[in-house]
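Residues per chain are reported as follows:
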Amino acid sequence: MTEATAVHAPAAHADWPLRPWALAVLLGLAGLAVHLLSDWNAADMPPWRAALAAAFVFGPLALAFTVERIRWQEPLVFAGLVALVMAGIAWRVTSAGDRYADEPFWVAAGLVAITLALPLFQAGFHRLRWRTAYDQTHFHVWTDAISGVGALAFTGVSWLLAVLLAALFSAIDIDVVENVVDEAWFGWIFSGAAFGAALGVLRNQLKVIGTLQSVVMLVFSIIAVPLAAALAIFLLAVLASGIAVLWNATESPTPLLLSVAVAGFVLVNAVIRNADHEVSANRVLRWAALMLALAIFPLALLAAISTGTRVAEYGLSPERLWGIVAVAVAVAYGMAYSIAPIRGRLTGWMDRVRTANMHLAVATCGLAFVLALPLFDFGAISARNQIARLESGRVAVDDFDFDALRWEFGEAGREGLARLAKGSDAEVAELAAGALAQEARTYRDVERGTERNERLANLRMQFEDETLRRHVENHVRASPWRCDNPCVALDAGAGDNGRRRVALVEDGRIAWEEFDLAGPADQTAVTAAREAAIRAEFDAPNQRAGSQVEIREWTGRRVYIDGQPAGDPFE
């Protein structure tokens, strides 16, 4: 162990022989509490149960990572705050119902906040503020990650051993072990105790983990060299070919660009370590770190352009707003990492990056915490933006996704649809009313307006009833699997339930749809669609764009294509 590594261990940390046992009991009891509080068979968990379960998951975990034999009061308060924050988020998520559209992102924001707050608290930021030593914070980031992953691995191995022992005893007709292992309460207690015991052992070996941290960072710093070279080639290629080549290669490059930027961030910090005297003297590694630091900003900028392009084309959505937040954080880090070498003409740039890391970590932690609070409704913001685009004419009625407004924007989206349904534009009002009346979401790929128009051009309706024509047209418009090839709609009259039956004939196959002409056009008026099986004795006729499609009498009625029967008789 080097001296540089040894000084990273916090002064308050000391070997505690009872730590593995204490953490095993703590997290084992926490697991039992989660089991007793959770009702996994219920369709909707009551908010109070979800809140208490979240508190017993995250509070004990925070305490397990921070508690010391001689310093337990402050960790207990910190764990209580973590439990309170996550319990509040869990309560909000489970009580939201369908009023909001981005509940998973609230949980993600809370997790980001407490994950960043953990090493800051361990380093004493709550007492030292900006005087907090960077090397202590950086040390805890890595040791927390290594000990957490190690504890998870031990938990997995423990489960493997438990399953093997259960099978071993079952082989001699002793099923008690297998029966116990299959119990839900055992799973929670065993997992918590195993994780706690492993974490306790690893937390007692922080100095050894510090040495392991140096090894991990050395390996990562070697990986930095090929990544830096690849990014240099990539950015030069984009500069030479233009940004359009990136958009042509992938429809949504933002996640890819951000992932590479995060990888660059990790590898830069693996090279620059905790202080200049720890950095390798290898010039190749130093230049690779500099290249990666300078590459983060253009990657984040490309991600911002990609996100802005999609927002300009499709408008805002809750997911895109959260994406904008992620891109903004990436841009902030990229700017800081790019300015650091420029300010001092490469002199002392690594130290400036470390200072930026501390400031940006605190800022990101605060931002994530604020976004986890019930202060912003991204569904409402997005719904207003989408409706404004429709009303201003920036998006055509045929291209507007009324279904998304019904299902993906929460209560604000449905309120916007209700207002559109009462508006003066008859077409918009009809489509909005139909979407608002939907009882189930139809999941499908997003379809461009040109593709929808091509399908509608393939539709030929052989009846004059304008109301029925409007229903059928709206049905085909909303169903991207209909009329990819020439198709014909035939009016088969009213069924026993009073609904109008329509045969949609495509590629010699017949799909039956029913429409309630007294209700909203299409959407919920479409009931169970049934693909009629074609009789074995009749091959499906070859249907062309100009084929004669008709209904003939045949001891009842059935569909004919160019004089050949298709499908089953329907009367």
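Keep in mind that what you see is a predicted model, and the values were worked out from it rather than measured. (Residues numbered from 1 in each chain as written. Predicted model: local features only at pLDDT ≥ 70, side-chain atom pairs only at ≥ 80, totals over all residues. Heavy atoms only, no water.)

(A) View of the nonpolar core. Residues L292, Y337 and W349 are the most contacted members of the largest nonpolar core, which totals 37 residues. Core analysis: the next-biggest nonpolar cluster, separate from the first, contains 36 residues, A62, F78, C365 and F378 among them. (Core = buried A, V, L, I, M, F, W, Y, C linked by side-chain atoms within 4.5 Å. Buried < 20%, exposed > 50% of the residue type's maximum accessible area, 1.4 Å probe, protein only.)

(B) Highlighting the pairing of strand β3 (residues 500–506). Of all seven residues in β3, seven are buried; the element is thus mostly enclosed. Alternating positions in β3 separate into two faces, R500, V502, L504 and E506 on one and R501, A503 and V505 on the other, with burial throughout. As judged from the six bridges shared by strand β2 (residues 487–494) and β3, these two strands associate in the antiparallel manner. Bridged to D491 within β3 is V502. The loop that links β2 with its antiparallel partner β3 comprises five residues; one of these, G498, has a positive phi angle of about 85°. With seven bridges joining them, β3 and strand β4 (residues 509–515) adopt antiparallel strand pairing. Within the sheet, the bridge partner assigned to L504 lies in β4 and is A511. (Helix = DSSP H or I, 4+ residues; strand = E, 2+ residues; numbered from the N terminus. Pairing = 2+ DSSP bridges.)

(C) Up close: a negative patch on the surface. Judged by side-chain charge, D173, D175, E178, D182 and E183 come together as a negatively charged surface patch. D182 sits in the exposed class, given a relative accessible area of 59%. (Patch = residues over 30% accessible without salt bridge, like charges linked within 9 Å, V, L, I, M, F, W, Y side chains within 5 Å. Areas by Shrake-Rupley, 256 points an atom, 1.4 Å probe, with all protein chains shown as cover. Salt bridge = Lys/Arg side-chain N within 4 Å of Asp/Glu carboxyl O. Lys, Arg positive; Asp, Glu negative; His and termini not counted. Charge placed at Lys NZ, Arg CZ, Asp CG, Glu CD.)

(D) Fine view of helix α18 (residues 410–421). Between its first and last C-alpha atoms α18 spans 17 Å; for twelve residues at 1.5 Å apiece the expected length is 16 Å, and the two agree. Of the residues making up α18, those classed as buried are G410, A412, G413, R414, G416, L417 and L420. (Expected span 1.5 Å × (residues − 1).)

(E) Spatial organisation of the environment of I89. Along the polypeptide, I89 turns up in helix α4 (residues 73–95). For I89, a relative accessible area of 5% gives the class buried. Separated by 39 residues in the primary sequence, I89 and A50 place their C-alpha atoms 9.3 Å from one another. In this view, I89 contacts W106, V107, G110 and A372; residues no more than four positions away in its chain are not counted. (Contact = heavy atoms within 4.5 Å.)

(F) The arrangement of unusual backbone geometry in detail. Backbone geometry at D173 places phi at a positive 65°, although glycine is not the residue there. With respect to the helices and strands, the residue D173 is situated in the loop between α7 (134–170) and α8 (176–181). Here R273, not a glycine, exhibits a phi torsion of approximately 55°, which is positive. Position of R273 among the secondary structure elements: in the loop between α12 (254–272) and α13 (283–314).

(G) Layout of the packing of aromatic side chains. Under the criterion given, the structure shown has 14 aromatic pairs. Look at F125 and W130: their rings are 5.3 Å apart centre to centre, the planes differ by 80°, and that puts the pair in the edge-to-face class. For the pair W159 and F186, a centre-to-centre distance of 6.0 Å together with 85° between the ring planes defines the contact as edge-to-face. Of the two residues, W159 is situated in helix α7 and F186 in helix α9 (residues 184–203); the sequence distance between them amounts to 27 residues. One aromatic cluster is present, formed by W159, W185, F186 and F190 through successive ring pairs. Geometry around W106 places R92 over its ring, the cationic atom sitting 3.5 Å from the centre. Sitting over the face of the ring of W407, R406 holds its NZ or CZ atom 3.9 Å from the ring centroid. (Phe/Tyr/Trp six-rings, centres within 6.5 Å; stacked < 30°, edge-to-face > 60°. Lys NZ or Arg CZ within 6 Å of the ring centre and 35° of its normal.)

(H) Spotlight on a nonpolar patch on the surface. Together, L161, L165, L168, F169, I172, I174 and V176 give the surface a local cluster of nonpolar side chains, amounting to about 630 Å² of exposed area. Among the elements that make up the nonpolar patch, the one with the highest residue count is α7 (four residues). Residue placement: I172 occurs in the loop between α7 and α8. The exposed category is assigned to I172, whose relative accessible area is 55%.

(I) Here's a closer look at the packing of α7 against α9. Running from N to C, α7 and α9 cross one another at 135°; their axes reach a closest spacing of 8 Å. The orientation of α7 with respect to α9, classified from their angle, is oblique. In the packing of α7 onto α9, the handedness of the crossing is right-handed. Between α7, through T143, D144, S147, G148, G150, A151, L152, F154, T155, S158, W159 and A162, and α9, the contact on the second element is made entirely by F186, G187, F190, S191, A194, F195, A198, L199, L202 and R203. Looking at the contact of α7 with α9, its residues break down into twelve nonpolar, eight polar and two charged. (Axes fitted to C-alpha atoms, helices over the stretch in contact; angles between N-to-C directions. Parallel < 35°, antiparallel > 145°, perpendicular 65-115°, else oblique. Left-handed = near helix turned anticlockwise from the far one by under 90°. Nonpolar A, V, L, I, M, F, W, Y, C, P; charged D, E, K, R; others polar.)

(J) Just the environment of H359, in detail. In this fold, H359 is placed in helix α15 (residues 349–372). Under the relative-accessibility criterion, H359 is labelled partly exposed at 40%. Separated by 229 residues in sequence, H359 and W130 have C-alpha atoms that sit 8.4 Å apart.

(K) View of the packing of helix α16 (residues 378–392) against α18. Where α16 meets α18, the closest approach of the two axes is 8 Å, and the angle between their N-to-C directions is 30°. Between α16 and α18, the crossing angle belongs to the class labelled roughly parallel. Taken as a pair, α16 and α18 cross one another with a handedness that is right-handed. Residue-level inspection shows G379, A380, A383, I387, L390 and E391 of α16 in contact with α18, the latter providing A412, G413, G416, R419 and L420. Here the residues of the contact of α16 with α18 sort into six nonpolar, three polar and two charged.

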